[in-house]
Amino acid sequence: MKLNKFSQILFVLILISCSSGDDSNINVGGPSGGNNGGQEPVEYLREHVSFPIGLALSYEQITSNSNSMITYREVMNNEFNSLTFGNEMKMYNMFPAPDTYDWSDGDDLVAYAQEHGMRVHGHTLLWHPEYSIPNWLESFSGTDQEFEDQVKNYIINTVAHFAEFEDDNGNPIVESWDVVNEALTSEAMNAVFRQRIGEDYVAKCHQWARQGDAEVKLFYNDYNIAGDPNKRNELLSMVNQFIANDIPIDGIGMQMHLNHNWPSPSELQTAIQQISDTGLLVHISEIDVKVNYNDDITEFTSERAQAQSDQFHRAAYYYKTIVPSPQQFGVTVWGLRDIDSWLYDNGTDWPLLFDNNFDRKQAYIGLTNGLKGLSPD
């Protein structure tokens, strides 16, 4: 496409201007992607590292044939090699009635990933908010044992179903699951799963997931692990108990919903090091970087663009250089364009790597530099 060639040339020109040290030349909406004016092959995010680079997306984004979604998939297929549904593989969408499962959306994602040589990370078997739980289960009138049996069978059957899909070499398409999401909150402590299954419901869910597939990688996923030492210590305590008691767990998902100035570089390093020290797989599972969390700007400034880029740079660099390669499960960006983000808030934040026109932002350069192992200091 002629537009792509124009974008490719523009990317090189902007990279040159950025390297001159004149920040006034930064296009905070871009810069756009390219391949050195068509003379050299472009390098995409997935090509800088040996671990997968993932993207969170919606069902529409793999099925719609609108011009926008066709462009979306072109960018996605170039940049990423791991896919995660933001919502469609959650319980409320897959468990519509007692002993009844609807895996059709997930099946379509698996088929898409298989066609394009990608993996799928399942997200998430169990999450506590009411809007993530089927209404019938939230108001389930049976006994606590009957409630537990419904959840147990759903987890076992769902994991077993997706374990059936393999690529041409016999490798699983769905390599992993976030088994339980965000259990270390007061809301989770008071939610229906803990009330009806018991304090050990997270451990039980991991055991049931293992019954569904002996090989799939099982993750516990949570937020603020990078910037809240108390929560991180609580997570580490739970994980160490799992390991000591032979509860199946293969990895930890660090969501990495960051701010442009939080956490500090030293705190980010410490968090990644401590999670890595468990010896488990480490997944940066939901990275984005807010630039307007205090609502103190009305437009995306060059200063915030650079600060955002620096934070993406640090997160990727510390992950690549601190986590041993056998534990590097991958980095998943929580959306493609700013408009796709859960943080977009009617255009008042710009937390992702691409602008709404699919042009690469300064943040893309920061993440790329981190993936390449270029120090942010």
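Computed from a prediction, not measured in an experiment: that's the story for all the values here. (Residues numbered from 1 in each chain as written. Predicted model: local features only at pLDDT ≥ 70, side-chain atom pairs only at ≥ 80, totals over all residues. Heavy atoms only, no water.)

## Topic: the overall build of the protein chain
Of regular secondary structure, the protein chain possesses 14 helices and nine strands. Put simply, the protein chain has 377 residues, and 57% of those count as buried. Across the protein chain, contacts joining residues at least 24 apart in sequence account for 77% of those joining residues at least 6 apart. Of the roughly 15,800 Å² of accessible surface on the protein chain, a fraction of 44% belongs to carbon and sulfur atoms. (Helix = DSSP H or I, 4+ residues; strand = E, 2+ residues; numbered from the N terminus. Buried < 20%, exposed > 50% of the residue type's maximum accessible area, 1.4 Å probe, protein only. Contact = heavy atoms within 4.5 Å. Areas by Shrake-Rupley, 256 points an atom, 1.4 Å probe, with all protein chains shown as cover.)

## Thoughts on the packing of aromatic side chains
Two aromatic rings are characterised by how far apart their centres lie and by the angle between their planes. For the coordinates displayed, the defined rule picks out 18 aromatic pairs. A centroid spacing of 6.3 Å and a plane angle of 50 degrees characterise the contact between Tyr59 and Phe85, whose relative ring orientation is tilted. Of this pair, Tyr59 sits in the loop between strand E1 (53-57) and helix H2 (60-63) while Phe85 sits in strand E2 (residues 82-85), and the two are 26 residues apart along the sequence. Under the relative-accessibility criterion, Tyr59 is labelled partly exposed at 26%. On the basis of relative accessibility, which here comes to 1%, the residue Phe85 falls in the buried class. (Phe/Tyr/Trp six-rings, centres within 6.5 Å; stacked < 30°, edge-to-face > 60°.)

## Remarks on the packing of helix H12 (residues 265-276) against helix H13 (residues 302-322)
Geometry of a packed helix pair, given as the angle between the helix axes and the separation of the axes. Close contact between H12 and H13 brings their axes to 10 Å; oriented N to C, the two are set at 35 degrees. In this structure, H12 meets H13 at a crossing whose hand is right-handed. Contacts between H12 and H13 involve Pro265, Leu268, Gln269, Ile272, Gln273 and Ser276 from the first element and Gln311, Arg314, Ala315, Tyr318, Tyr319 and Ile322 from the second. Taken together, the residues that form the contact of H12 with H13 break down as seven nonpolar, four polar and one charged. (Axes fitted to C-alpha atoms, helices over the stretch in contact; angles between N-to-C directions. Left-handed = near helix turned anticlockwise from the far one by under 90°. Nonpolar A, V, L, I, M, F, W, Y, C, P; charged D, E, K, R; others polar.)

## What about the nonpolar core?
General note: in soluble globular proteins, nonpolar side chains tend to be found buried as a group. Among the nonpolar cores identified, the biggest contains 99 residues, and Phe193 and Tyr201 are the most heavily contacted of them. Not counting the four nearest positions on each side in its chain, Tyr201 is found in contact with Leu126, Val180, Ala183, Ala188, Phe193 and Arg194. Membership of the second largest hydrophobic core comes to five residues, among which are Val291, Ile297, Ala305 and Trp350. (Core = buried A, V, L, I, M, F, W, Y, C linked by side-chain atoms within 4.5 Å.)

## Describing the pattern of salt bridges
Across all of its chains, the model carries 12 salt bridges by this definition. In this structure, the salt-bridge partner of Glu199 is Arg194, at a minimum N-O distance of 3.4 Å. Lys361 is the partner of Asp338 in a salt bridge, and the nearest nitrogen-oxygen pair spans 3.0 Å. With Asp338 in the loop between strand E9 (328-333) and helix H14 (362-371) and Lys361 in the loop between E9 and H14, the pair connects residues that are 23 residues apart, well separated along the chain. Residue Asp338 shares its accessibility class with Lys361, and that shared class is buried. Each member of the salt-bridge network shares a partner with another, and the members are Glu148, Asp200 and Lys204. (Salt bridge = Lys/Arg side-chain N within 4 Å of Asp/Glu carboxyl O.)

## Quick word on the packing of H13 against H14
One can describe the packing of H13 onto H14 by two numbers: an axis separation of 7 Å at closest approach and a directional angle of 20 degrees. As far as their axial angle goes, H14 and H13 are roughly parallel. Considering only the axes of H13 and H14, their crossing is right-handed. For the pair formed by H13 and H14, the contact residues are Ala305, Gln306, Gln308, Ser309, Phe312, His313, Ala316, Tyr317 and Lys320 on the first element and Gln362, Ala363, Ile365, Gly366, Leu367, Asn369, Gly370 and Leu371 on the second. Partitioning the contact of H13 with H14 into residue classes produces eight nonpolar, eight polar and one charged. (Parallel < 35°, antiparallel > 145°, perpendicular 65-115°, else oblique.)

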